[in-house]
Amino acid sequence: MTYSFTTFRKNVVVIVFLIGVVSYLPVKNAKPATFLEDFHITWSNSHIKQLDGGKGIQLLLDQNSGCGFASKSKYLFGRMNSDTDKVRDELDFEFLGNRTGQPYSVQTNVYAHGKGDREQRVNLWFDPAADFHVYSILWNHHHVVFSVDEVPIRVYKNNEAKGIPYPKSQPMGIYSTLWEADDWATRGGLEKIDWNKAPFYAYYKDFDIEGCPAPGPSACASSPANWWEGSGYQQLDSVAARRYRWVRLNHMVYDYCTDKQRNPVMPLECMGGI
């Protein structure tokens, strides 16, 4: 399954902009939907405004509240959150804000079979507040690929054969929130929000979801006929692999795999290939 949108942020400082389940690839038959076709507001209606007839939305954060929305359906394969605190599966993009004049950081995380704490962080090579960009996650039986403007920034491979958990058994939903987290988000909580610059905004447009809805035909999620399971999406091609290496060499600023304070013994999935 894939979920696609483009987004940019305006006047955002020290904010976690969490996108749960975003998945995008250049899809031949992509048909961007209006917001209310596929989503509903989960909290603070007054802080979310539809734009251009529902083709886009504006999220607002002030000292009173943040806001959030979620997909109306859940899907198996694509990109989502299982919406359970028991055995959680979740794939995260988290925009952590920045110090004025410094790069913006994007953090990704993977929860599989209830276990998370797999954070990786990269500094973006552009100003995300200046224009719209595509942030995406492809989720299939082979791997999870986090991308920014079609540049892979993280790959989490299916290494179940080596005993490494992989999210594949639970349908997940798409969630996005804009909220204040200056106790930990930017530079470990050192940078605080300057509320004199509020309100803060995030914008979305070009919503598109393709995947196997649940409940739905049971054979859909395991069908090799789904385009996202095709041979071209089972591993990075040479161009994507080159871009991925470039990001890891030049823009990665944190990797839980190499954090010896947190993980004196390298996690098994890191040895299996991220």
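Scroll up for the structure.
Note that the structure is a prediction, hence the values are computed from the model and not measured. (Residues numbered from 1 in each chain as written. Predicted model: local features only at pLDDT ≥ 70, side-chain atom pairs only at ≥ 80, totals over all residues. Heavy atoms only, no water.)

The element strand β11 (residues 133–139) is extensively covered by neighbouring structure, given that seven of its seven residues are classed as buried. The alternating pattern of β11 places His133, Tyr135, Ile137 and Trp139 on one face and Val134, Ser136 and Leu138 on the opposite face, and all of these are buried. In terms of strand pairing, β11 meets strand β12 (residues 143–148) through five bridges, oriented antiparallel. Within β12, the position partnered with Tyr135 by the bridge is Val148. Counted along the chain from β11 to the antiparallel partner β12, the turn is three residues long. (Buried < 20%, exposed > 50% of the residue type's maximum accessible area, 1.4 Å probe, protein only. Helix = DSSP H or I, 4+ residues; strand = E, 2+ residues; numbered from the N terminus. Pairing = 2+ DSSP bridges.)

Another point: the nonpolar core. Counting residues in hydrophobic clusters, the biggest one holds 32 residues, and the most contacted among them are Leu91, Phe93, Val144, Phe146 and Ile153. Counting only elements with at least two residues in this core, the list comes to β8 (90–95), β9 (105–111), β11, β12, β13 (151–157) and α2 (238–250). Of all hydrophobic cores here, the second largest spans 17 residues; its members include Phe39, Ile174, Ala202 and Ile209. (Core = buried A, V, L, I, M, F, W, Y, C linked by side-chain atoms within 4.5 Å.)

Each pair of aromatic rings is reported with the distance of its centres and the angle of its planes. Inspection of every chain in the model, using the stated rule, returns 15 aromatic pairs. Through pairs of rings, three or more aromatic residues link up here, namely Phe35, Phe39, Phe69 and Tyr204. We note Lys205 situated over the ring of Phe132; from NZ or CZ to the ring centre the distance is 4.5 Å. (Phe/Tyr/Trp six-rings, centres within 6.5 Å; stacked < 30°, edge-to-face > 60°. Lys NZ or Arg CZ within 6 Å of the ring centre and 35° of its normal.)

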